[in-house]
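One letter stands for each residue in the lines below.
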Amino acid sequence: MASPKHPGGPGWMGHGAQCMAGTKQETSATGPDLPRPGPEGHLEARSSPGSNSSMTTRELQEYWRGEKGCWRRVKLLFEISSARIEERKVSKFVMYQIVVIQTGSFDSNKAVLERRYSDFETLQKNLQKTFREEIEDVVFPRKHLTGNFTEEMISERKLAFKEYLSLLYAIRCVRRSREFIDFLTRPELREAFGCLRAGQYTKALDILVRVAPLLEKLTAHCPVMLVPALCAMLVCHRDLERPAEAFAAGERALQCLQAREGHRYYAPLLDAMIRLAYALGKDFASLQQRLEESQLRKPTLRGFTLKELTVREYLY
C-alpha cells in the first residue's frame, strides 16, 4: 500500500492555549494562527531556537520551513450529512454522520465520522469544565424525553449540531483543546491502536489513513501531536514488510519533531529509521550521527523501542 501523503496521529499532551481575555470568538482571520510554546504535558508547540542553540544549519532550515507551514490558518467546515437510527438489544439511538472539509481549495481528504447525541453531550460537559466563559453563548441542543426518533427531530438536530461544531471551532482555544480534538478523532485512533496491539496491522493502517488528514488539520498549530500515529504507521508498514512506506512515515514524524531531542519518541524513532535506511540502502550514517550527537548532548538510558511506545498509546 502506498504511503499516504499526510499520515498522522496524536499523543495527547493536555489543554490548548487559553483564549485572550475578552475574546470569545474569531469572526475573521485577522492574523496568523501561530502556536504558543508550552512545557511537555500541554499541547506541544515548538519554541524558537535561542542564540545558544546547538541545531545544525540543516536542522535550522527544517525548523523554519516547518514554522512557515504552521502560519497558514486551516479553516474547516462541518456538515451533518445524514443520520441513521441504530437499534441494539438494550438501546436505540441516532448516529449522526459528520463531514469535515477544509475550505479554500479542493479537499480530497474530507473526513467522515459518526457520533451519537451522548458523544456531543460528553463534549459539551468536558468543555464546560475548562471553557465555561468562552462557550457560554454557544447553544447546545437540549435533550428531549420523547420524539427523539421522529424525522422532524432528527432534521432539527442535524442543523443544530452543524451550528454547534462551527461555533466551537470559531473559538481559538476550544478548537485547539484536547477535548475538541478528542471528540473528532479519539474513537478512531483508539480503534487503530487497538488493532496495532492485536497485530492487525492492515486494519490499523486503514483506520489511520482515514483519520490522519483530519488530525493533521486540527493540529496544524502543533505538528508534534501527530508523532505517535506516524510512528504507529511506521511500525505497521515495517511489520507488513513495507520498508519504503515505513521510512516515509518516519521521515514525516522526524519533520514534526524537528530538533525536540527530549521528546520520548525522538531516540526510538531515529533508531528505527537507521535500521530502515540500512535495509533500503539509504543514507543511514547521517541519522546515526544525529542520534549519537543527541545522546552526547543529553545522555539517556536505553528506553522503550518504537513499537513498545506505540502499543502503549490510547490504552485508556
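This text follows the structure it describes.
All values derive from a computational prediction rather than experimental measurement. (Residues numbered from 1 in each chain as written. Predicted model: local features only at pLDDT ≥ 70, side-chain atom pairs only at ≥ 80, totals over all residues. Heavy atoms only, no water.)

On to helix 10 (residues 285-297). The terminal C-alpha atoms of helix 10 lie 18 Å apart, and with 13 residues this matches the ideal 18 Å at 1.5 Å per residue to within 8%. Taken together, the buried positions of helix 10 are occupied by Leu287, Arg290, Leu291 and Ser294. For helix 10, the arc enclosing every buried residue in end-on projection is 95°, short of the 170-degree limit, so these residues lie on one face. (Helix = DSSP H or I, 4+ residues; strand = E, 2+ residues; numbered from the N terminus. Expected span 1.5 Å × (residues − 1). Buried < 20%, exposed > 50% of the residue type's maximum accessible area, 1.4 Å probe, protein only. Arc of directions from axis to C-beta.)

Before going further, it helps to spend a moment on helix 8 (residues 243-257). Under the 1.5 Å per step criterion, the end-to-end length of helix 8 is 21 Å for 15 residues, consistent within 8% with the ideal 21 Å. Taken together, the buried positions of helix 8 are occupied by Glu245, Ala246, Phe247, Ala249, Gly250, Arg252, Ala253, Leu254, Cys256 and Leu257. Those residues of helix 8 that are buried lie in contact with helix 6 (201-218), helix 7 (227-239), helix 9 (266-280) and helix 10. Within two residues after helix 8, Gln258 carries a phi angle of roughly 50°, on the positive side. (Contact = heavy atoms within 4.5 Å.)

What follows covers the packing of helix 7 against helix 8. It is the contact of helix 7 with helix 8, at a shortest axis distance of 8 Å, that shows an interaxial angle of 165°. With respect to helix 8, the axis of helix 7 lies roughly antiparallel. The way helix 7 lies across helix 8 gives a crossing that is left-handed. Along its contact with helix 7, which presents Val227, Leu230, Cys231, Met233, Leu234, His237 and Arg238, the element helix 8 presents Glu245, Ala246, Ala249, Gly250, Arg252, Ala253, Cys256 and Leu257. Its residues placed into classes, the contact of helix 7 with helix 8 shows 10 nonpolar, two polar and three charged. (Axes fitted to C-alpha atoms, helices over the stretch in contact; angles between N-to-C directions. Parallel < 35°, antiparallel > 145°, perpendicular 65-115°, else oblique. Left-handed = near helix turned anticlockwise from the far one by under 90°. Nonpolar A, V, L, I, M, F, W, Y, C, P; charged D, E, K, R; others polar.)

The next point concerns the sheet that holds strand 2 (residues 92-102). Across the sheet, which stays open at both edges, the three strands sit in the order 1-2-3 with antiparallel pairing between neighbours. The two strands at the open ends of the sheet, each matched to only one other strand, are strand 1 (76-87) and strand 3 (111-116). Ignoring strand direction, the axes of neighbouring strands in this sheet form an average angle of 25°. Packing of helix 6 onto the sheet brings it into contact with strand 1, strand 2 and strand 3, and relative to strand 1 it is tilted by some 135°. (Pairing = 2+ DSSP bridges.)

Below, the discussion takes up unusual backbone geometry. For Glu241, which is not a glycine, the phi torsion comes out positive at approximately 60°. With a relative accessible area of 71%, Glu241 lands in the exposed category. For Tyr314, which is not a glycine, the phi torsion comes out positive at approximately 55°. If you trace the backbone, Tyr314 turns up in the segment after helix 11 (306-310). With relative accessibility at 7%, the residue Tyr314 sits in the buried group.

The next thing to look at is the pattern of salt bridges. According to the stated counting rule, one finds 13 salt bridges in the structure shown. With a closest N to O distance of 2.7 Å, Glu313 and Arg264 form a salt bridge. With a gap of 49 residues between them, Glu313 in the segment after helix 11 and Arg264 in the loop between helix 8 and helix 9 connect regions that are remote in the sequence. Using a relative accessible area of 8% as the deciding quantity, one classes Glu313 as buried. (Salt bridge = Lys/Arg side-chain N within 4 Å of Asp/Glu carboxyl O.)

Time to look at the packing of helix 5 (residues 178-197) against helix 6. At their nearest, the axes of helix 5 and helix 6 sit 8 Å apart, and the two run at 160° to each other. As judged from the angle between their axes, helix 5 and helix 6 are roughly antiparallel. For helix 5 against helix 6, the interelement crossing comes out left-handed. Of the residues in helix 6, those in contact with Phe180, Ile181, Leu184, Thr185, Glu188, Leu189, Glu191, Ala192, Phe193, Cys195 and Leu196 of helix 5 are Tyr201, Lys203, Ala204, Ile207, Leu208, Val211, Leu214, Leu215 and Leu218. Residues belonging to the contact of helix 5 with helix 6 are distributed by class as follows: 16 nonpolar, one polar and three charged.

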